[in-house]
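Analysis of the macromolecular model
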Amino acid sequence: MPDTHIALNRLGLGARADEPLPGDAKRWLTGQFNRFDARPATIAALPSRRAIAGQLADYLAAQRGMGQAGLRTRPQANSAQAEGDSAAMMAKPAGAGAEPDPVKQARQFARGQGRDNYVACVGARASVALVTPAPFVERMVHFWANHFAVSADKLTVIGMAGLLEFEAIRPHVLGRFGDMLSAVERHPAMLLYLDQAQSIGPNSLVGSRVAARGQRKVGINENLAREILELHTLGVRTGYSQADVTEFARAMTGWTVAGLTRGPLARFAGADGAPGDFVFAEPIHEPGARTIIGRRYDQPGVAQAQAVLDDLAVHPATAEHLATKLARHFVGDTPPPAMVARLKAAFLQSGGDLPTLYRALIASPEVWDPAPAKFRSPWEWSIAAMRALDMKDAPAQQVTGLMNQLGQPIWRPGSPAGFDDVTATWAGPDAVMRRVEAAERMATRAGGAVDARALAPKIFPGALSAATQAAIANADSPGQALALLFVAPEFMRR
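As the structure is a computational prediction, the values presented were derived from the model and not from experiment.

**Notes on the overall build of the chain**
Tallying secondary structure elements over the chain gives 25 helices and four strands in all. A total of 494 residues make up the chain; the buried ones form 54% of that total. At a minimum sequence separation of 6, the contacts of the chain that also span at least 24 residues come to 75%. Total accessible area on the chain is roughly 19200 Å²; 53% of this is exposed by carbon and sulfur atoms.

Laid out in structure tokens, this is it:
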């Protein structure tokens, strides 16, 4: 049953021993389109965006009231300055040295957001992955969340990083790519992470007034515009220029977040929405028509940047970029050109319809090659192990700590490019040793209640090697046998 094994492990999230094996692997995968729940109860029970953004708005208001300049805007700012690296803030003991009140408040705020919101979201994500009736679609959620990466290492993002996945990815994972793209770029987590919320057109109403008064210089921030072109749509070196980035950044001025800005933006970006809502602030929008990648955009207001996004969403270079990433994720570090071409054609012919793209993926013969294709990332490996143990709930703190230990902290990649999707990143000796240690802890917690010899053929139907069978059979104890299973080649790869 090699097709069943591939459907469960390469395309899904790993088998559960308490679930029957699918009879028709391809039909089982496409049937999940009707079983996917975009807002399962575990996620629906989390604090709302309004509540999380309200906490952040109160904190920022307090900082403004104390005459502080506000939080640093770079995701990787020096933790000693207490405004940038929220992970470092949460790690430092509360009583470690005398600190100015604003710095102490920043640390306390980061710890609170981390414990109460970030960790809860990580736990919810894992719990949903354990029991989902649509593991292939859930894998696609995780794929797109990494494609549109933000980092909770930034203080203003820590409480909302998970919400980007829950609010912008999940509702559109079975829709059109263009709708997902628009939802992501309007989400507060993305606007704050890449500093778009603070981007002001120099010739806008606000920009002109600030300049006339001789106040501090305000201007355009190109971060989001560049990453949309380079990472989210066209891909690097695909024909756009620096001038296109700048023009796109001008078109995007005015895209901001209610209640979470500072300086001259504060009174313009909150009147039309609750904290955390996307708003278009006309007073900071750079006026004028734009020419981007050879096309003129003279739409007024928010429609200008939206028109650019609509065109980027169905651009042939976007189709090529996404097809290549999907082929790399499912088949190998070097994507097969023929598969990339088929996926690209499906994307373009359907106008970016994602289920059509997924069906083309499932139909690709390269996907069903029985040879091991991809080295599992820490997240994939951890979820597969917990599913193999038939876990139905993931303790939030435990999952957060495990992912930190294994080197893939959830929603905390090192850059907007997200986590790497190649073997070299995850298969180093130190990384493998960490998995061995984690496997031993999982086996210890199982307490000998799991018979690895009976479990192995259930989770790897028709794909269990003689060497792995022999290693498990010759183990000194049930716990050792289970640990050996979790670090076997079949489990490390998918």
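**Notes on the layout of surface pockets**
Approximately 830 Å³ is the volume attributed to the largest pocket. For the largest pocket, the lining is made up of 46 residues, of which N146, K325, F419, D420 and D421 are closest to its centre. Among the secondary structure elements, those contributing two or more residues to the lining of the largest pocket are α7 (135–147), α8 (161–169), α12 (223–232), α15 (316–330), α18 (378–388) and α20 (423–426). For the lining of the largest pocket, the element with the highest residue contribution is α15, accounting for seven residues.

**Side note on the packing of aromatic side chains**
Counted according to the given criterion, the structure contains 14 aromatic pairs. Ring plane angle 75° and centroid distance 6.2 Å describe the contact between Y118 and W411, whose orientation is recorded as edge-to-face. Taken together, the positions of Y118 in helix α6 (residues 101–131) and W411 in the loop between α19 (396–406) and α20 put the pair 293 residues apart, joining distant regions of the chain. In this pair, the class of Y118 matches that of W411, namely buried. Feature note: the residues F143, W144, F148, F177 and F347 constitute an aromatic cluster, connected by ring pairs. A cation over an aromatic ring shows up here: R186 above the ring of W255, its NZ or CZ 4.8 Å from the ring centre. Between the NZ or CZ atom of R376 and the centre of the ring of F491, over which it lies, the distance is 5.2 Å.

**Observations regarding helix α24 (residues 478–486)**
Of the residues making up α24, those classed as buried are A481, L482, A483, L485 and F486. Among the structural elements, α18, α21 (429–446), α22 (452–459), α23 (466–473) and α25 (489–492) are those in contact with the buried residues of α24.

**Re the pattern of salt bridges**
Under the definition given, this model contains 23 salt bridges. Put simply, E247 and R250 hold a salt bridge, and the shortest N to O gap is 2.5 Å. In this pair, E247 and R250 are both assigned in helix α13 (residues 242–252), three residues apart and thus about one turn of the helix distant. Each of R16, D18, E19 and K392 takes part in one network of salt bridges that share partners.

**Concerning the packing of α15 against helix α16 (residues 337–349)**
Where α15 meets α16, the closest approach of the two axes is 8 Å, and the angle between their N-to-C directions is 130°. Considered as vectors, α15 and α16 are oriented oblique to each other. The two elements α15 and α16 cross, and the hand of that crossing is right-handed. On α16, the residues that touch P316, A319, E320, L322, A323, T324, L326 and A327 of α15 are M339, V340, L343, K344, F347 and L348. When the residues that make up the contact of α15 with α16 are grouped by side-chain class, the tally is 11 nonpolar, one polar and two charged.

**A short note on the nonpolar core**
Proteins that are soluble and globular tend to have nonpolar side chains buried together. In this structure, F136, W144, F248, L485 and F491 are the most contacted members of the largest nonpolar core, which totals 143 residues. Of all the elements, α6 adds the most residues to this core, at 12 residues. Apart from the residues within four sequence positions on either side, L485 is in contact with A452, L455, A456, I459, F460, I472 and F491. V206, V210, V218 and A281 belong to the second-largest nonpolar core, a separate cluster that totals six residues.

**Notes on the packing of α18 against α19**
At their nearest, the axes of α18 and α19 sit 10 Å apart, and the two run at 135° to each other. It follows that α18 is oblique to α19 by the angle criterion. As α18 packs across α19, the resulting crossing turns out to be right-handed. Residue-level inspection shows P378, W379, W381, S382 and M386 of α18 in contact with α19, the latter providing V399, L402, M403 and L406. Classifying every residue of the contact of α18 with α19 gives eight nonpolar, one polar and no charged.

Conventions adopted
- Residues numbered from 1 in each chain as written.
- Predicted model: local features only at pLDDT ≥ 70, side-chain atom pairs only at ≥ 80, totals over all residues.
- Heavy atoms only, no water.
- Helix = DSSP H or I, 4+ residues; strand = E, 2+ residues; numbered from the N terminus.
- Buried < 20%, exposed > 50% of the residue type's maximum accessible area, 1.4 Å probe, protein only.
- Contact = heavy atoms within 4.5 Å.
- Areas by Shrake-Rupley, 256 points an atom, 1.4 Å probe, with all protein chains shown as cover.
- 1 Å grid on protein atoms, 1.4 Å probe; cavity = no way out; pocket = protein on both sides within 12 Å on 5 of 7 lines; lining within 4 Å.
- Points joined across faces, edges and corners; volume = space filled by probe spheres on them.
- Phe/Tyr/Trp six-rings, centres within 6.5 Å; stacked < 30°, edge-to-face > 60°.
- Lys NZ or Arg CZ within 6 Å of the ring centre and 35° of its normal.
- Salt bridge = Lys/Arg side-chain N within 4 Å of Asp/Glu carboxyl O.
- Axes fitted to C-alpha atoms, helices over the stretch in contact; angles between N-to-C directions.
- Parallel < 35°, antiparallel > 145°, perpendicular 65-115°, else oblique.
- Left-handed = near helix turned anticlockwise from the far one by under 90°.
- Nonpolar A, V, L, I, M, F, W, Y, C, P; charged D, E, K, R; others polar.
- Core = buried A, V, L, I, M, F, W, Y, C linked by side-chain atoms within 4.5 Å.

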